[in-house]
Amino acid sequence: MLDIQKVRADFPILDQKVNGKPLVYFDNAATSQKPQQVIDAISKYYSEINANIHRGVHTLSQLATDAYEASRKTLQNHINARHAHEVLFTAGTTHGINLVANGFSQFVKEGDEVMVSAMEHHSNIVPWQMLCERTGARLTVIPMNDRGELIMEEFEKLLSERTKIVAVNHISNSLGTINPIKHIIDKAHSVGAAVLIDGAQAAPHLKPDVQALDCDFYAISGHKACGPTGTGILYGKEEWLNKLPPYQGGGEMIKEVTFAKTTYADLPHKFEAGTPNIAGGIVLGTAIDYLNAIGFENIAAYEQELLEYGVQKLSEIEGIEFVGTAAKKAPVISFNIKGIHPYDIGAIVDKMGIAVRTGNHCTQPVMDRFEIPGTVRASFAFYNTKEEIDALAEAVKKAQRMLS
Ligand SMILES: *Cc1c(COP(=O)(O)O)cnc(C)c1O
């Protein structure tokens, strides 16, 4: 069980007033808030061991290197990767996807296909379109139904020997849908396609097991899972990471450099050119430790309670239309109020201290699919409460009265 008062005490920002009202933070799918443990770890790194990693023989450099590699181990254990060197530190999900899409130029040619789904974040569309432009491959798209669920029969029809990679999100950021990724991975593998999972929205809510999933790549952002901005990991199967070319050239990623030829470093360093976000990488481990101490079962159970309560509470509002009503959902509620632009709702509830997201949430094709300009999105975290949901429902009703 989750002790909500104790959890909330870990997040100093939640004590704030915004526009004179207690902050209600429901934009967790954009970025999560940070617990004191994470804030302190950043300060501790810069106060006590700041030095460049992997380079110096001096003590601080070794302490920083050890902490960085210990964090890689934490992440390895967290996602159950076979090897620590299958975990690459990145700046986030966008970086991880681009690393793979860029390298796939070597494995994709004209006439091949690259598959995404109808509910991808722009980060998991554009890099693949760029790959298609470079290579002459074709982008195919798994469609979804009116509830915002991927249509598996259509996916299987689209899949063929021409499909070289399938890139889908584990959880949709704008609809909340939890996708049947194990099924997608197995089917894709049966035609020889690789699979990249965009885990940006999964990381805050669940503990992925990359060996059980058998995915080839799994990308995560730290900042949506209580970690610092500009952090993340890309998991890649060893065989794939050995085959993929480096993404960026520079220091740290080489074995030997002469003007005639350069040989690349072993994994994971081959993909980690330059001085990384050392503090961020270390503190991402702190954030994952924090979440694991609370327990992902506890987080999931509580968040499902919030989701059910939120849907029930908001359903009482006349003219509300939910966008994304999949059977399996993360705690994300996207909605519109008949006759009112989502932006206007967002602006009014902000005056009452409530932070929600409005717009297309970097998923313009999802909005096109539902023929709407955008949605209001309330996305919950384990530190939110039912009382905050009551406040949202009241604020939306008030906005509706003001605007109609
Ligand atoms: C946020 C998000 C991304 C992009 O993550 P960044 O941290 O901005 O790199 C990609 N996919 C999904 C589903 C997201 O929610």
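Residues numbered from 1 in each chain as written. Predicted model: local features only at pLDDT ≥ 70, side-chain atom pairs only at ≥ 80, totals over all residues. Heavy atoms only, no water.

**Q** Describe in detail the pattern of salt bridges, supporting the description with residues and values.
**A** The full count for this structure, using the stated rule, is 22 salt bridges. Arginine 8 is paired through a salt bridge with glutamate 388; the nearest N and O atoms lie 3.4 Å apart. Placement of the pair is arginine 8 in helix α1 (residues 4-9) and glutamate 388 in helix α14 (residues 386-403), with a sequence separation of 380 residues. There is no split in this pair, since arginine 8 and glutamate 388 are both buried. Beyond isolated ion pairs, a larger network of salt bridges with shared partners links Asp27, Arg357 and Arg377. (Salt bridge = Lys/Arg side-chain N within 4 Å of Asp/Glu carboxyl O. Helix = DSSP H or I, 4+ residues; strand = E, 2+ residues; numbered from the N terminus. Buried < 20%, exposed > 50% of the residue type's maximum accessible area, 1.4 Å probe, protein only.)

**Q** Summarise the sheet that holds strand β17 (residues 375-379); cite the residues concerned and give the values.
**A** Strand order in the open sheet formed by four strands is β13-β14-β17-β16, and the pairing between neighbours is antiparallel. Of all the strands in the sheet, just β13 (320-323) and β16 (357-359) have a single pairing partner and so form its edges. With direction set aside, neighbouring strand axes in the sheet form an average angle of 30°. On the sheet, helix α11 (residues 296-315) packs against β13 and β14 (332-337) and is oriented at approximately 10° with respect to β14. (Pairing = 2+ DSSP bridges. Axes fitted to C-alpha atoms, helices over the stretch in contact; angles between N-to-C directions. Contact = heavy atoms within 4.5 Å.)

**Q** Break down unusual backbone geometry for me, with residues and values.
**A** Cis geometry is found at the peptide bond from leucine 267 to proline 268, where omega equals 0°. You will see that histidine 54, though not glycine, has its phi angle at about 60°, which is positive. For histidine 54, the position within the fold is in the loop between α2 (36-49) and α3 (59-79). You will see that cysteine 226, though not glycine, has its phi angle at about 70°, which is positive. Tracing the backbone through its elements, the reader meets cysteine 226 in the loop between β9 (217-221) and β10 (232-236).

**Q** Can you break down the packing of aromatic side chains residue by residue, with the values?
**A** Aromatic rings in a pair are described by how distant their centres are and how their planes are angled relative to each other. Enumeration over the complete set of coordinates arrives at 13 aromatic pairs. Measuring from ring centre to ring centre gives 5.3 Å for phenylalanine 104 and phenylalanine 107, while their planes differ by 70°; the resulting arrangement is edge-to-face. A cation sits over an aromatic face here: lysine 243 above tryptophan 240, 3.9 Å from the ring centre. Over the ring of phenylalanine 370 we find arginine 369, and its NZ or CZ is 5.1 Å from the ring centre. (Phe/Tyr/Trp six-rings, centres within 6.5 Å; stacked < 30°, edge-to-face > 60°. Lys NZ or Arg CZ within 6 Å of the ring centre and 35° of its normal.)

**Q** How would you explain the UniProt feature "domain: Aminotransferase class V" (unreviewed entry) in the protein chain if you had to name every residue and give the values?
**A** Residues given the UniProt feature "domain: Aminotransferase class V" (unreviewed entry) here are residues 24-392. Secondary structure across residues 24-392 divides into 39% helix and 18% strand, with the first and last C-alpha atoms of the span separated by 8 Å. (UniProt positions renumbered as here; feature names shortened; annotations may be inferred.)

**Q** Talk me through the site of the ligand; I want residue IDs and the actual numbers.
**A** Around the ligand, the structure places Thr93, Thr94, His121, Ser123, Asn173, Asp198, Ala200, Gln201, Ser221, His223 and Lys224. Within the side chain of lysine 224, one N or O atom sits 2.8 Å away from an oxygen atom of the ligand. Tallied by class, the residues present in the shell around the ligand amount to one nonpolar, eight polar and two charged. (Near = heavy atom within 4 Å. Polar contact = N/O pair within 3.5 Å; in protein donor to acceptor, adjacent residues only side chain to side chain. Nonpolar A, V, L, I, M, F, W, Y, C, P; charged D, E, K, R; others polar.)

**Q** Lay out the domain arrangement of the protein chain in plain terms, naming residues and giving numbers.
**A** Each assigned domain of the protein chain is listed with its residue range as follows: domain 1 (4-30 + 295-403) and domain 2 (39-293). Of the residues lining the interface, 35 residues belong to domain 1; the matching set on domain 2 comes to 34 residues. Both sides together, the interface formed by domain 1 and domain 2 hides about 2700 Å², and carbon and sulfur atoms give 57% of it. Summed over the three residues of domain 1 that lose the most area to domain 2, namely Phe296, Cys362 and Arg369, the buried surface amounts to 23% of that side. Counting the contacts that link domain 1 with domain 2 gives one salt bridge. The partner of arginine 369 in a salt bridge is aspartate 146, with the nearest N and O atoms 2.9 Å apart. On inspection of domain 1 and its partner domain 2, the count reaches 20 residue pairs in polar contact (both at pLDDT 80 or more). Sorting the residues of the side of domain 1 that touches domain 2 by element identifies α11, β14 and α13 (364-369) as the ones contributing at least two each. Per-element accounting of the side of domain 1 that touches domain 2 gives the leading share, five residues, to α13. (Domains from an automatic or database assignment. Buried area = accessible area lost by both parts, 1.4 Å probe.)

**Q** Tell me about the pairing of strand β6 (residues 138-142), residues and numbers included.
**A** Direction of pairing for strand β5 (residues 113-117) relative to β6: parallel, over a ladder of five bridges. Paired with glutamate 113 across the strands is arginine 138, a residue of β6. In the classification by handedness, the crossover that spans β5, the intervening helix α5 (residues 126-135) and the parallel β6 is right-handed. (Right-handed = clockwise from strand over helix to strand, strands pointing away.)

**Q** How would you sum up the sheet that holds strand β7 (residues 163-169)? Please name residues and give values.
**A** Ordered in space as β4-β10-β9-β8-β7-β5-β6, the seven strands form an open sheet in which the pairing is mixed. This sheet does not close on itself; its edge strands, each paired only once, are β4 (87-90) and β6. Taking the axes of each pair of neighbouring strands and ignoring which way they run, one obtains an average angle of 20° across the sheet. Across the sheet, α3 is in contact with β4, β9 and β10; its angle to β4 comes to roughly 120°.

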